[in-house]
Amino acid sequence: MTTLADPKRTPSADARRGRLHWTVPANYLVLHLGFYCLAPILPILVKTRLAGGAAEVGAVLFAYNSAIGYSCLFLTPWIAKVHPRLGMVVGLSFTTASMVALAYVHSLAGMICVLVVAGSGLSTHFLLARTLLAEMIRSRSGLNNAYSLISLAANMAAACAPVAATTLYALYGPNAVLFVVAGCYLAAMLLLLILIPADLQPLTASGRWPVSRATLRMVRRDTMAIRLIVVSVAVGFLYSQFFSSIALLITSFIASGPEQGALFAINALTVIVVQIPMTRMIGRRLDRGMPPFSAMRVGLVIFSLAMLLLGFLLRTSLALFATFSLMIIVFSVAETIYTPVRDTAFASMPAASQLEAFNLRFIFITIGESVGALCGGALFLSLAGAGTGPNYWLVLGGSGLVVTVVASVLRVGRRAAQPDRAATEAAAAGE
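So, here's what we can say about the structure. Worth saying up front: this structure is predicted, and the values here are computed from it rather than measured. (Residues numbered from 1 in each chain as written. Predicted model: local features only at pLDDT ≥ 70, side-chain atom pairs only at ≥ 80, totals over all residues. Heavy atoms only, no water.)

## Observations concerning the environment of Ala198
Moving on, step 1. Along the chain, the position of Ala198 falls in the loop between α7 (174–195) and α8 (213–221).
Moving on, step 2. Exposure remark for Ala198: the relative accessible area of 44% places this residue in the partly exposed category.
Moving on, step 3. Taking the C-alpha atoms as reference points, Ala198 and Arg85, separated by 113 residues in sequence, lie 6.3 Å from one another.
Moving on, step 4. The contacts of Ala198, once residues within four sequence positions are left out, are His83 and Arg85. (Helix = DSSP H or I, 4+ residues; strand = E, 2+ residues; numbered from the N terminus. Buried < 20%, exposed > 50% of the residue type's maximum accessible area, 1.4 Å probe, protein only. Contact = heavy atoms within 4.5 Å.)

Dropping the structure here:
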């Protein structure tokens, strides 16, 4: 039977690759309708339902983002043994059930438990989907194109989901939104059952650990891998602000639900317009030999400039809606550059297997996103309460530029490590 990891190209294998090339983005479109319905209202839901302060909001957001990023690591022994479709379906079934349960939970501990289960299901799905694409597409430009389609699908959902969610929340309350989110996840699960082949073999793994000793040795020696990780953590921190501190800022200054949703939609609409030409431009450069890190570095600079822009504009008399709109447009352009090429870079990393490469992705991106969500909930609310909110954005933007310089000049053992196949096989046997 031909699997995605099989280098032999047959007509049936090519057909399967082509089918999955569009199936995964279609699944992401439906799934992210639910994901982006929840994202803008989750900080507000926690704050109002628990009647808590900055610590409670930060704790819940930290737990949810950590579960999305880290759960797949603990589940890797199971993920590596099951058929990809089964793994994704099981993951989404848990997430669907968790959204229904969240409607009836009113305690801090209960919310954290339910959201950890929901995040675990999403984590499993995201790992399997990205790894499937990495195993079936060989070229960097082809991978970048596939991950761009995922980003485009997610942002098409993000263009309308926040508007619908904030409006629905204002009219009918949080439970209505949660049931809609659950319905979207259920639809995404059914789409997987219909479109993903049932006979795909389990993904290649080098051992029973999420990341083998051979891959960890590669990371310690490879300058480009270290640079990739540093930038990924920094961008994860900045990107997580969009649905933590920025969401709290927008909802505190913009009273109208439709206007709040429109601001979130600006992000998605900008990505939809810019993503395709940006992907083509970056794809041509990748084909000419440009390392993915170069595009990632540009993305980090623009994310940092967006933070600085917000901090400076909040100190002026510029209308708040215009301020938020301008900042979000700059932020979104950075997203079109960075997000697809980041996944391409991890897929190209000389790890022992694609599954391990994407486990590394989840580890380090989640460090940035979970800590960023914690700061975006707890630290930002504390600074805003003290009247020093704009300083938060200025510090973030300045720090991002500093990290860009540090990552660019960083040197370790060697520039580009190659996987030690003998060491990899020995590590797999020992683990």
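## Quick word on the side chain of Thr279
Moving on, step 1. Looking at where Thr279 falls in the secondary structure, it is placed in helix α11 (residues 257–287).
Moving on, step 2. Looking at Thr279, its side chain comes within polar contact range of the main-chain oxygen of Gln275, at 2.8 Å.
Moving on, step 3. Those residues in contact with Thr279, other than ones at most four positions away along the chain, are Asn144, Asn145 and Ser148. (Polar contact = N/O pair within 3.5 Å; in protein donor to acceptor, adjacent residues only side chain to side chain.)

## Overview of the side chain of Ser120
Moving on, step 1. If you trace the backbone, Ser120 turns up in helix α5 (residues 108–136).
Moving on, step 2. In contact with Ser120, not counting residues within four places along its chain, are Ala67, Ser71 and Leu75.

## Overview of the packing of aromatic side chains
Moving on, step 1. All chains considered together, the criterion is met by 12 aromatic pairs.
Moving on, step 2. For the ring pair Tyr104 and Phe179, a centre distance of 6.4 Å and an interplane angle of 55° mean the geometry is tilted. Taken together, the positions of Tyr104 in the loop between α4 (84–102) and α5 and Phe179 in helix α7 put the pair 75 residues apart, joining distant regions of the chain.
Moving on, step 3. Relative to Trp393, the ring of Phe380 has its centre 5.4 Å away and its plane inclined at 50°; by these criteria the two rings are tilted. One end of the pair, Phe380, is in helix α14 (residues 354–385); the other, Trp393, is in helix α15 (residues 389–409), and 13 residues separate them in sequence.
Moving on, step 4. Through a chain of ring-to-ring contacts, three or more aromatic side chains come together here, namely Tyr239, Phe242, Phe303, Phe331 and Tyr338.
Moving on, step 5. When the ring centre of Phe126 is taken as origin, the NZ or CZ atom of Arg130, which lies over that ring, is 5.8 Å away.
Moving on, step 6. Positioned above the aromatic ring of Phe362 is the side chain of Arg361, whose terminal nitrogen or guanidinium carbon lies 4.9 Å from the ring centre. (Phe/Tyr/Trp six-rings, centres within 6.5 Å; stacked < 30°, edge-to-face > 60°. Lys NZ or Arg CZ within 6 Å of the ring centre and 35° of its normal.)

## A few points about the packing of helix α2 (residues 42–50) against helix α3 (residues 54–79)
Moving on, step 1. For the pair α2 and α3, the least separation of the axes is 9 Å and the interaxial angle reads 135°. One way to sum up the angle between α2 and α3 is to call them oblique. Pair α2 / α3 crosses with right-handed handedness. Together, Leu42, Pro43, Val46, Lys47 and Leu50 of α2 and Glu56, Val57, Val60, Leu61 and Tyr64 of α3 make up the contact between the two elements. (Axes fitted to C-alpha atoms, helices over the stretch in contact; angles between N-to-C directions. Parallel < 35°, antiparallel > 145°, perpendicular 65-115°, else oblique. Left-handed = near helix turned anticlockwise from the far one by under 90°.)

## Side note on the nonpolar core
Soluble globular proteins tend to bury their nonpolar side chains together.
Moving on, step 1. Counting 128 residues, the largest nonpolar core has Met99, Leu122 and Trp393 as the members making the most contacts within it.
Moving on, step 2. No other element matches the 13 residues that α5 contributes to this core.
Moving on, step 3. When near neighbours in sequence (up to four residues on either side) are disregarded, Leu122 contacts Leu31, Phe35, Tyr64, Ile68, Leu92, Thr95 and Tyr185. (Core = buried A, V, L, I, M, F, W, Y, C linked by side-chain atoms within 4.5 Å.)

## With respect to the packing of helix α6 (residues 140–172) against helix α13 (residues 320–348)
Moving on, step 1. Taken N-terminus to C-terminus, the directions of α6 and α13 make an angle of 135°; their axes are 8 Å apart at the nearest point. By the criterion of interaxial angle, the relationship of α6 to α13 is oblique. Viewed along their axes, α6 and α13 form a crossing whose handedness is right-handed. Every residue of α13 that contacts α6 at Arg140, Leu143, Asn144, Tyr147, Ser148, Ser151 and Asn155 is listed here: Glu335, Thr339, Pro340, Val341, Asp343, Thr344, Ala347 and Ser348.
Moving on, step 2. Broken down by class, the residue content of the contact of α6 with α13 amounts to five nonpolar, seven polar and three charged. (Nonpolar A, V, L, I, M, F, W, Y, C, P; charged D, E, K, R; others polar.)

## A look at empty space enclosed by the protein
Moving on, step 1. Within the structure shown, the criterion is met by two cavities of 30 Å³ or more.
Moving on, step 2. What the largest cavity holds in volume is close to 760 Å³.
Moving on, step 3. Taken together, 38 residues make up the lining of the largest cavity; nearest its centre are His32, Phe35, Tyr36, Tyr239 and Glu369.
Moving on, step 4. Mapped by element, the contributors of at least two residues to the lining of the largest cavity are α1 (11–38), α2, α3, α5, α6, α9 (223–239), α13 and α14.
Moving on, step 5. The dominant element in the lining of the largest cavity, judged by the number of residues it contributes, is α14, at six residues.
Moving on, step 6. When its residues are assigned to classes, the lining of the largest cavity shows 21 nonpolar, 11 polar and six charged.
Moving on, step 7. Taken as a whole, the second largest cavity encloses approximately 40 Å³ of empty space. (1 Å grid on protein atoms, 1.4 Å probe; cavity = no way out; pocket = protein on both sides within 12 Å on 5 of 7 lines; lining within 4 Å. Points joined across faces, edges and corners; volume = space filled by probe spheres on them.)

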